[in-house]
Amino acid sequence: MTMTIPVILSAIMMLAVLAVSLRAGAQNRVKIANGVIEGSSDASTGVRAFKGIPFAAPPVGNLRWREPRPVTNWQGVRPALQFGPRAMQPPIFGDMNFRSKGMSEDCLYLNVWTPTKSENARLPVLVYFYGGGFVAGDGSEPRYDGESMARRGLVAVTVNYRLGVLGFLAHPELTRESPHHASGNYGLLDQSAALHWVTHNIVAFGGDPKRVTIAGESAGSISVHAQMASPLSRRLIAGAIGESGALIHPTLPPTTLAAAEQAGIKFAADCNATSLAGIRDLSGQQILDAAAKGHPFRFSSNVDGYFLPKLPVEIFASGEQAHVPLLVGWNSEEMSYGAVLGDEEPTRENYVSSMRKLYGDHADAALKAYSATTPEEVTQAATDMAGDRFIGFSTWKWADQHGKTGSKPVYRYLYARPRPPMTAEMGNATPGLAGGIFRGGAVAAPRAQGAVHSAEIEYAMGNLSTNKVFAWTPADFRVSETMQAYFANFIKTGNPNGPGLPEWPAANRDKRVPVMRLDVESRVEPEAHRDRYLFLDTVFGPDH
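Computed from a predicted model, the values in this text were never measured in an experiment. (Residues numbered from 1 in each chain as written. Predicted model: local features only at pLDDT ≥ 70, side-chain atom pairs only at ≥ 80, totals over all residues. Heavy atoms only, no water.)

### Observations concerning the overall build of the chain
In terms of regular secondary structure, the chain is built from 17 helices and 18 strands. At 24 Å, the chain has a C-alpha radius of gyration in line with the 24 Å of a compact globule built from 544 residues. Of all 544 residues assigned to the chain, the portion counted as buried reaches 55%. Restricting to contacts in the chain with at least 6 residues of sequence separation, those with at least 24 account for 76%. As presented, the chain carries roughly 22500 Å² of accessible surface, and 55% of it is formed by carbon and sulfur atoms. (Helix = DSSP H or I, 4+ residues; strand = E, 2+ residues; numbered from the N terminus. Rg over C-alpha atoms; globule rule 2.2 N^0.38 Å. Buried < 20%, exposed > 50% of the residue type's maximum accessible area, 1.4 Å probe, protein only. Contact = heavy atoms within 4.5 Å. Areas by Shrake-Rupley, 256 points an atom, 1.4 Å probe, with all protein chains shown as cover.)

### Quick notes on the pairing of strand E2 (residues 35-38)
Judged from the 4 bridges that link them, strand E1 (residues 29-32) and E2 form a sheet pairing that is antiparallel. Bridge assignment links Val30 to a residue of E2, and that residue is Ile37. Hairpin connection of E1 to E2: 2 residues between the antiparallel strands. Pairing analysis gives 3 bridges linking E2 to strand E5 (residues 77-79), with the strands arranged parallel. Bridging across to E5, Glu38 finds its partner in Pro79. (Pairing = 2+ DSSP bridges.)

### Description of the nonpolar core
Among the nonpolar cores identified, the biggest contains 151 residues, and Ile53, Val127, Phe205, Met228 and Tyr351 are the most heavily contacted of them. Among the elements that make up this core, the one with the highest residue count is helix H14 (residues 375-405) (9 residues). Ignoring sequence-local partners within four residues, the contact set of Tyr351 consists of Leu341, Leu367, Tyr370, Ala372, Val378, Ala381 and Ala382. (Core = buried A, V, L, I, M, F, W, Y, C linked by side-chain atoms within 4.5 Å.)

### Considering the packing of aromatic side chains
The geometry of an aromatic ring pair is captured by the separation of the ring centres together with the interplanar angle, meaning the angle of the planes. Enumeration according to the criterion identifies 19 aromatic pairs in this entry. Aromatic side chains Phe267 and Phe299 sit 5.4 Å apart centroid to centroid with 90 degrees between the ring planes, which places their arrangement in the edge-to-face category. Linking Phe267 in helix H7 (residues 257-270) with Phe299 in the loop between helix H9 (284-291) and strand E12 (302-303), this pair joins segments that are 32 residues apart in sequence. The burial state of Phe267 is the same as that of Phe299; both residues are buried. Here Trp396 and Tyr533 contribute two aromatic rings whose centre-to-centre distance is 5.4 Å and whose plane-to-plane angle is 20 degrees, an arrangement assigned as stacked. In this pair, Trp396 is assigned in helix H14 and Tyr533 in helix H17 (residues 530-540), connecting sequence segments 137 residues apart. You can call Tyr533 buried: its relative accessible area is 3%. Members of the aromatic cluster, connected to one another through ring pairs, are Trp330, Phe393, Trp396, Tyr533 and Phe540. A cation over an aromatic ring shows up here: Arg64 above the ring of Trp65, its NZ or CZ 5.4 Å from the ring centre. (Phe/Tyr/Trp six-rings, centres within 6.5 Å; stacked < 30°, edge-to-face > 60°. Lys NZ or Arg CZ within 6 Å of the ring centre and 35° of its normal.)

### Focus: H7
Every α-helical turn comprises 3.6 residues, leaving residues that sit three or four positions apart pointing alike. Taking 1.5 Å of rise per residue, the 14 residues of H7 would be expected to cover 20 Å, and the 20 Å separating its terminal C-alpha atoms lies within 8% of that figure. If you check which residues of H7 are buried, you get Leu257, Ala260, Glu261, Gly264, Phe267 and Ala268. Each buried residue of H7 sits inside an arc of 115 degrees when the element is viewed along its axis, so together they form one side. Residues of H7 that are exposed and angled more than 90 degrees away from the buried face: Gln262 and Lys266. (Expected span 1.5 Å × (residues − 1). Arc of directions from axis to C-beta.)

### A word on the confidence of the model for the chain
Looking at the chain as a whole, the pLDDT averages 93, with 94% of positions reaching at least 70. In the model, residues 15-22 has pLDDT below 50 throughout and makes 0 contacts with residues more than four positions away in sequence or in other chains. (pLDDT = per-residue confidence, 0-100.)

### Here we look at the pattern of salt bridges
Close approach of charged atoms lets side chains of opposite charge pair. As enumerated under the stated definition, the model contains 24 salt bridges in all. For the salt bridge of Lys404 with Asp400, the shortest nitrogen-to-oxygen distance reads 3.0 Å. Of this pair, Lys404 and Asp400 both sit in helix H14, 4 residues apart, which is roughly one turn of that helix. Look at Lys404 and you get exposed, because its relative accessible area is 60%. If you follow the salt bridges from partner to partner, you end up with Asp400, Lys404, Arg412, Glu527 and Arg530 in one network. (Salt bridge = Lys/Arg side-chain N within 4 Å of Asp/Glu carboxyl O.)

### Focus on the packing of helix H5 (residues 186-201) against helix H6 (residues 219-229)
One can describe the packing of H5 onto H6 by two numbers: an axis separation of 10 Å at closest approach and a directional angle of 70 degrees. Of the possible angle classes, the one that applies to H5 and H6 is roughly perpendicular. Of the two possible hands of crossing, H5 and H6 adopt the one that is right-handed. For the pair formed by H5 and H6, the contact residues are Leu188, Gln191, Ser192 and Leu195 on the first element and Ser223, Ala226 and Gln227 on the second. (Axes fitted to C-alpha atoms, helices over the stretch in contact; angles between N-to-C directions. Parallel < 35°, antiparallel > 145°, perpendicular 65-115°, else oblique. Left-handed = near helix turned anticlockwise from the far one by under 90°.)

### Notes on the environment of Asn508
With respect to the element layout, Asn508 can be found in the loop between helix H16 (474-493) and strand E17 (514-518). For Asn508, a relative accessible area of 25% gives the class partly exposed. It is 8.9 Å that separates the C-alpha atoms of Asn508 and His402, two residues lying 106 residues apart in sequence. At a separation of 3.3 Å, a polar atom in the side chain of Asn508 contacts the main-chain carbonyl oxygen of Gly403. Here the side chain of Asn508 touches Val410 through a polar contact of 3.0 Å, landing on its backbone nitrogen. (Polar contact = N/O pair within 3.5 Å; in protein donor to acceptor, adjacent residues only side chain to side chain.)

### Quick word on H5
Taking 1.5 Å of rise per residue, 16 residues should cover 22 Å, and H5 covers 22 Å from first to last C-alpha, within 8% of that figure. The buried fraction of H5 amounts to 13 of the 16 residues, a majority that puts the element mostly inside the structure.

### So, the environment of Pro115
By the element assignment, Pro115 lies in the loop between strand E6 (109-114) and strand E7 (123-129). A residue is classified by how much of its surface remains accessible, and Pro115, at 30% relative accessible area, is partly exposed. Distance from Pro115 to Ala150, taken between C-alpha atoms, is 5.5 Å for residues 35 residues apart in sequence. Residues within four places of Pro115 in sequence aside, it is in contact with Gly46, Val47, Leu123, Ala150, Gly153, Leu154 and Val155.

### Examining the pairing of E7
Within E7, 7 of the 7 residues are buried, leaving the element largely enclosed by the surrounding structure. Bridge analysis of E7 against strand E9 (residues 207-217) gives 6 bridges, and the strand direction is parallel. Residue pairing across strands places Leu126 opposite Thr213, the latter belonging to E9. In this structure, E7 lies alongside strand E8 (residues 155-159), joined through 5 bridges in parallel fashion. The partner of Leu126 across the bridge, within E8, is Ala156.

Take a look at the structure:
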């Protein structure tokens, strides 16, 4: 059959397109320990993304409630174009925005963004753990996206880990079957397994396994504290960033293994199961539904003798934690004054009454540390106390301990930029903790006067544009530029300082204990409220 010239030309063009496509695919292929993966690249930025990479075997069937196991090698090219499934979780924070491939017990996947094609680049690495109280969250959330950090010359990684009952259930039978005589803490063990994966594989993406900084917000920050404390992880990291939270009472503190096991026995009874096999026979959704009938945060970490040989405060007190630079801080309005005053008006009388209920014999000391007379002062003092009790004190204790025993610089911040109003398209919706909104009968809350819990994430990671809820202004982008630059510098050098930025001295190397106030006009201020944290240390100290 004779082919016409147009047909021949068309065939040549198709072959050329195919060749270009194959060449582009080959450029986005990376060989890691388990096989070859193929990601995608952004032609405008040069950043390559690899999503849904398994770092541990699926924790399903008989591997449910076991330490993460190695991944089985694969043949051929495995696509890495889509986020893996998120961990099993109830819709506790309804404003979370996921890009993941559904929800599954098969959830141990991570994502990598890299600006280089060279394995010899040896770029610094950021590993980010998401927040969500250890009961919710996912590495696919746009606020954690790693592309913006990669454009600053870093290899960025987000990590999934098991949550809630599937991530933290302990039980005597689980302890007996463990080679380490431990149970629970599976979510934290997943994070540690991901760090080991990074150590063995990040060179393939142009990263340096000896320059890994771990970071996270809320439960992610608590995770950073835990990984610094754990003998399984502390030698795998070169730096740490904590945004609001540490594994210290009263912020989701670890319990004893014995207490965690008893909670597991009770949960099994709630499931009408008389043995571990009985609850392992249930589906993941059945387990999630059973757990949802109780308090969502009842499955906590524990001092299991393996991941945590003792309480983190004891590990840090004795200087046994990772001796790495630490950048750490919290926000100016982590919690509302209603957490202290309830539904009462912010009067002096109601404030004093609340202090008596909360602190008993310590109430006078509390009123001295958080003094207030007028309604405006009461509102602010109760807001400060609520935030400190929720997460500020634990983060301060972490910074203070590491500054004394960690032998490396500690850079403290207070994030103070309130979010702007929501866009007009959001209507009368209520903003949520995860940066999204709640609709449908939601009562409009008064606008926060400070930076609420989690407000800094998009700023720090350079991801304001991924959040369509708020009407970002040029000032917001300026704050983001400053904060992201500090973070990127710290990840690269262990020091946040750099050209064009206000000088940020280490808190533990200056008698003023300087704190960087991050706002439109960022500036260093001396520590202003040490008396508050020393007071809370006397209250919470025995329970550490």
